[in-house]
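Structural overview
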Amino acid sequence: MLLPPRTGSAPLDIDTSGMRHIVIIGANGSGKTRFANRLAADLGHRTFRLSALKALYNRDSQDQSDTSIDSIYNRAVSGSSLLRPDLRGEFERLIGMMVNEEMLNLIQYKYSDEGAAHHLRTQLPPPTRLDRVMQQWHKVFPGNRVLVDSGRMLFSRDSDSDPYSPSKLSDGEKTVFYYLGAVTYAPKDAVILVESPEMFLHPSSTASLWNSIENSRPDCTFIYVTHDLQFASSRGEGCTIWVKDYDYDHGEWDYDLLTSAEGISDDVFLAILGARKPVLFIEGDGVNSIDARLYPLIFNDYTVKSLGGCDRVIESTRTFNSLRAFHNLNAYGIVDRDRRDEGEVAYLRKKQVFVPDVAEIENIFMLEPVIRTLASLNRRDPDEVFEKVRRNIIRLFETDLRQQALQHTRHRIKKGVEHRIDGRFANINQLEAHIRDLAEELNPLALYEQLCRDFRRYVKEGDYASILRVYNRKTMLSESHVARHCGLRHDDKDTYINTIINILAHNRTGSDTIRSAIRATFNLTDGTDSETAM
């Protein structure tokens, strides 16, 4: 398959033999729809186009191509007195044609010799196009029924409910029926071009639906045009064409074929390419995590992508930046400090992975400017509120001091062992001797005692900022009673966090102060004039 003209080089010619589908993806305005239209024009009579939006809502427009549903309907009207000639829109015309075909098949079967023979044996006629569609419909909507009565197609949600007309279906149900029925009219070995295949469909069922549709037409190649990253990544094996831009003057496109990059998953790769902003990889699950709720509001000039654990953030940032010559985008990462020392933080920063100056993301909400801002918004004395919270945090940290020092010691010893064990050894005796010397070399007791001295100094000096940098305690927000002291109605962690998120999300009074305070804890400037500053 020869693809459309390509900016700066010859158009790509791809081998589609044995290929089930092709995905054309690009950001809004990148020219992917024009790209698909040009591809359809080049393929000519092989193309069969599907668009749920057009089928359901553009009822007055008609596709004049020979293979379109509109053209098939017009030909069917001229050849049948049973089919109404005034049906409008692809969805209504599709249903009309299927009912008409069902009626004609039954009449023909009844008066045929084969039908008479089957009738004597009380057997059913051979399955029709509508039977095949109904079979797939029941898989998508178990318990739902489709029936033809007096020349009309009717639906019901179960065996006891009253049947209703297709007009009563939801947009999602209409879309499913449209796709299931329309593909049965595609010519043999057609290229089926689907515009926005995810539209009106629930994400949980989209992949399985299109898998079923593809399986029903193994002779066809499906081309999906989408900007939906979840749908694109759900297609699995196949060819993905990334359309970056369109040159109107020369009628050429800037596009590439995508292949999975080692160390970075398809969904992450597509998430970056589908946007035109640099990416920011973060920890968390992308839905319920605090990271996913907070960081897009702080770094709104970036495509923020949640990856789960910190190791995946670090590796994905490294991998994606190693491919910069291909995609010309910058990737950054953010991971919690946890118990990392300054050397680890500096190393990650060189890799464009940034670490806040607090132990974990919950501590960000305990920053002094954040507390003072929220207190002021609730007409509380910010000095008095912050002092109460500060004393509570110092008291908690003091009771937890030895355990915290032990956890920091364990982390540093683990990192030290990992670093030193990676050395080169000529034989097993050298490795064994090296391991015996590790305990003395790393000296965990001395490290622990030094950390205890540092932590006691933080307590003695009331060094609130240093405590936030080293103190990992998930219950800190609740136990400090920061929500109550700031004047919130409910004294709990969720209320406090939700209030701050709401201020940022709606750019309410105080949002700029909070946003600046959070950015400052990453030691970032507001510009992006260097590769090591977001």
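In the block above lies the structure referred to throughout.
Let us look at the structure shown here. (Residues numbered from 1 in each chain as written. Predicted model: local features only at pLDDT ≥ 70, side-chain atom pairs only at ≥ 80, totals over all residues. Heavy atoms only, no water.)

**Considerations on helix 8 (residues 203-216)**
With 14 residues, helix 8 extends 21 Å from end C-alpha to end C-alpha; this agrees with the ideal 20 Å at 1.5 Å per step. Taken as a whole, helix 8 has its buried residues at Thr-206, Leu-209, Trp-210, Ile-213 and Glu-214. Buried residues of helix 8, viewed axially, fall in a sector of 130°; they line one side. Of the residues in helix 8, the exposed ones pointing more than 90 degrees away from the buried face are Ser-204 and Asn-215. (Helix = DSSP H or I, 4+ residues; strand = E, 2+ residues; numbered from the N terminus. Expected span 1.5 Å × (residues − 1). Buried < 20%, exposed > 50% of the residue type's maximum accessible area, 1.4 Å probe, protein only. Arc of directions from axis to C-beta.)

**Here's the deal with the packing of helix 16 (residues 368-377) against helix 17 (residues 382-399)**
Their axes nearest at 9 Å, the elements helix 16 and helix 17 cross at an angle of 130°. On the basis of their axis angle, the class for helix 16 and helix 17 is oblique. Crossing hand, helix 16 versus helix 17: right-handed. Taking contact as the criterion, the partners of Glu-368, Ile-371, Arg-372, Ala-375 and Ser-376 in helix 16 are, on helix 17, Pro-382, Asp-383, Val-385, Phe-386 and Val-389. (Axes fitted to C-alpha atoms, helices over the stretch in contact; angles between N-to-C directions. Parallel < 35°, antiparallel > 145°, perpendicular 65-115°, else oblique. Left-handed = near helix turned anticlockwise from the far one by under 90°. Contact = heavy atoms within 4.5 Å.)

**Observations concerning unusual backbone geometry**
A positive phi angle, near 45°, is found at Ser-196, a position not held by glycine. Structurally, Ser-196 is set in the loop between strand 5 (191-195) and helix 8. If you check the backbone angles, Asp-338 has positive phi at about 50° while not being a glycine. Here Asp-338 falls in the partly exposed class, since its relative accessible area comes to 26%.

**A short note on the pairing of strand 4 (residues 152-156)**
Of all five residues in strand 4, four are buried; the element is thus mostly enclosed. In terms of strand pairing, strand 3 (residues 145-149) meets strand 4 through five bridges, oriented antiparallel. Each bridged residue has a counterpart across the sheet, and for Leu-147 the counterpart in strand 4 is Leu-154. Here strand 3 hands over to strand 4 after two residues, with Ser-150 in that stretch at a positive phi of 55°. (Pairing = 2+ DSSP bridges.)

**Regarding the sheet that holds strand 5**
Strand order in the open sheet made by the six strands is 2-5-6-1-7-8, with mixed pairing throughout. If you trace the sheet from one side to the other, it starts and ends with strand 2 (47-51) and strand 8 (252-258), each paired once. Taken pair by pair, the neighbouring strands of this sheet meet at an average axis angle of 20°, ignoring direction. With respect to the sheet, helix 1 (residues 32-43) is in contact with strand 1 (21-25), strand 2, strand 5, strand 6 (221-226), strand 7 (239-247) and strand 8, its orientation differing from that of strand 1 by roughly 140°. In the packing of helix 8 onto the sheet, the strands contacted are strand 1, strand 5 and strand 6, and the crossing angle to strand 6 comes to about 150°.

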